[in-house]
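Reading the structure
Spelled out, the chains give:
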Amino acid sequence: MQKLLIKGKTSLKGKILISGSKNATLPILAASILAKEVNLSNIPMVKDIFTMVELLKFMGASIKISKKKNSINIKNNFKKINTLAPYKLVKTMRAGVLALGPLLTKFKKAKVSLPGGCAIGTRPVDLHLFALKKLGARIKIKDGYILANTPKGLVGTTIIFPKISVGATENALLAAFNARGKTILKNCAIEPEIMDLINFLKKLGSRIDVKGRKIIIFKNEKIIKKIKHKIIFDRIELGTYMIAAALIGKKIKITKIDTNVIKNEINVLKKMGIDIKVSKNSIEISKGKKLKKINIKTMPYPGFPTDLQAQLMVLMTQADGTSKIVENIFENRFMHVPELKRMGANIVIRNKTAFVIGPSKLTGAEVMATDLRASVSLVLAGLVADKRTIINRIYHLDRGYEKLEVKLQKCKALIKRI
Ligand code: EPZ
């Protein structure tokens, strides 16, 4: 099992290149089932993407990946389509459940494994099934699989989500693509990754209108056979490196981004006293002199993202006073706390609120990664802690961060994979 070894307290200097978004790529790969040929660029070469590609190949797509060019070419002849998304692939990469919508749209049937839970929560898919049923799909759960079919095809309707869900919004968009008439989705998630999926579906010939949290999809009249699409940058990876720079950076420059997408994160760091220079497509960040405490609630976009909660908590450990972070999205997303406490952090959890008392001196230790974002918070802690930190089970990191140690080494961090 690979580990990461970090020698802390070395200032970060230099430039960081942000990869394409994992969470935009996954639904777009699922949507590629609807197309004849797709060329995707700016793809992050991370584990979850390879798993989704395995799933598409299992279904019958022919796929070429270029790791050098960060691109994927997908050709669907689909003579022998397999409308099955098996447990062995979906259990390790939950976004496999997004195959449901496109398989129903294209083949009127699907057998997709229930994704099961993960470290951060039970991760139900009831909202996905609620939306598909509203569009006319017949759904049965049997032996851990979702059996869905729609012999006469899906029919457009109005769907009001009782709760905001990124995945359920994406599955509904993919199912509504060819549903008869018009589909109106209300109380949708509107993350930038969903907007990227919508841009992809528009290239496929869809007419989709977005008005706040309402999305209207008109039945697709013409499928564009061959399309190209460049994946948007990864705003969570960006936020992660912004926090690294805020912890121990000197003029870290990050370019080729859209700072409009991270207004909330920029405001939070400014309120904490971080020195940030912001332009439309780049940002420059240095460690703050004195960090001020802050109170944060994780919320659906454009609120503060749950995927940056663990990372921000590390910054809070260095702030003066008691900061507060309420995790509103997932029921068990404080798995990084016990490990941070072993490094000297002073954190008290009460229900879904973490009280972070700072500043606390962090000391390197041997720690265990548990989920993708908890793992990267341990890397951030290791960068600012004195002595050495060893992080075990870094396969969690490799699911969503491309060349993490390489990008940090380029900024003078003393970090290596062993
Ligand atoms: C997406 O997960 C992201 N994953 C997550 O990123 C991200 O944390 C999450 O959205 C929230 O932003 C991908 O895009 C691949 P949800 P998703 O449906 O779609 C509950 C990462 O680190 N819910 O918005 O699964 C759910 O339990 C990952 O990159 C239901 O109750 O998130 C959660 O409490 C982690 N029923 C809340 O809604 C459902 O049918 C939000 O989940 C679906 C979700």
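Preceding this section is the structure that the text describes.
In this report, the structure presented in the accompanying data block is examined.

Cut-offs and rules
Residues numbered from 1 in each chain as written. Predicted model: local features only at pLDDT ≥ 70, side-chain atom pairs only at ≥ 80, totals over all residues. Heavy atoms only, no water. Helix = DSSP H or I, 4+ residues; strand = E, 2+ residues; numbered from the N terminus. 1 Å grid on protein atoms, 1.4 Å probe; cavity = no way out; pocket = protein on both sides within 12 Å on 5 of 7 lines; lining within 4 Å. Points joined across faces, edges and corners; volume = space filled by probe spheres on them. Nonpolar A, V, L, I, M, F, W, Y, C, P; charged D, E, K, R; others polar. Near = heavy atom within 4 Å. Polar contact = N/O pair within 3.5 Å; in protein donor to acceptor, adjacent residues only side chain to side chain. Areas by Shrake-Rupley, 256 points an atom, 1.4 Å probe, with all protein chains shown as cover. Domains from an automatic or database assignment. Patch = residues over 30% accessible without salt bridge, like charges linked within 9 Å, V, L, I, M, F, W, Y side chains within 5 Å. Salt bridge = Lys/Arg side-chain N within 4 Å of Asp/Glu carboxyl O. Lys, Arg positive; Asp, Glu negative; His and termini not counted. Charge placed at Lys NZ, Arg CZ, Asp CG, Glu CD. Pairing = 2+ DSSP bridges. Right-handed = clockwise from strand over helix to strand, strands pointing away.

Moving on to unusual backbone geometry. Cis geometry is found at the peptide bond from Tyr301 to Pro302, where omega equals 10 degrees. Checked against the element boundaries, Pro302 lands in the loop between strand S18 (295–297) and helix H10 (309–316). The omega angle of the peptide bond from Gly358 to Pro359 is -5 degrees, so this bond is cis rather than trans. Summarising the element assignment, Pro359 is placed in the loop between strand S21 (353–358) and strand S22 (366–368). Of note in the backbone geometry, Lys251 takes a positive phi value of approximately 50 degrees without being a glycine. Look at Arg393: it is not a glycine, yet its phi comes out positive at around 60 degrees.

With that settled, consider empty space enclosed by the protein. Applying the stated criterion across every chain, the model contains one cavity of 30 Å³ or more. Contributing to the lining of the largest cavity are Gly239, Met242, Ile243, Glu265, Val268, Leu269, Phe304 and Leu312. If you list the elements that add at least two residues to the lining of the largest cavity, you get helix H8 (235–248) and helix H9 (263–271). Here the residues of the lining of the largest cavity sort into six nonpolar, one polar and one charged.

Attention now moves to the site of the ligand. As a matter of local geometry, the ligand sits amid 22 residues, with Asp126, Leu127, Ser165, Asp307 and Ile329 nearest to it. Here an oxygen atom of the ligand and a backbone polar atom of Pro124 are 3.3 Å apart. A distance of 2.8 Å separates an oxygen atom of the ligand from a polar atom in the backbone of Gly167. Look at the ligand: alone it shows 830 Å² of surface, and the protein chains cover 87% of it.

Unoccupied space between atoms shows up once a probe the size of one water molecule is rolled over them. Here the second largest pocket defines a volume of roughly 500 Å³. Surrounding the second largest pocket, 20 residues form its lining, Leu17, Ile18, Ser19, Gly20 and Asn42 being those nearest its centre. If you count residues domain by domain, the lining of the second largest pocket takes at least three from each of domain 1 (4–19 + 233–417) and domain 2 (22–230).

Moving on, we come to a positive patch on the surface. On the surface, a cluster of positive charge is made up of Lys15, Lys230, Lys253 and Lys256. Summarising the element assignment, Lys15 is placed in strand S2 (residues 12–16).

This next bit is on the pairing of strand S19 (residues 321–326). Regular strands place their side chains on alternate faces of the sheet. Bridge count for S18 against S19 is three bridges, and the pairing is parallel. Note on S19: the bridge partner recorded for Asn295 is Lys324. What joins S18 to S19 is H10, and the crossover it makes is right-handed. As paired strands, S19 and S21 are joined by six bridges and run antiparallel to one another. If you follow Ser323 over to S21, its bridge partner there is Val356.

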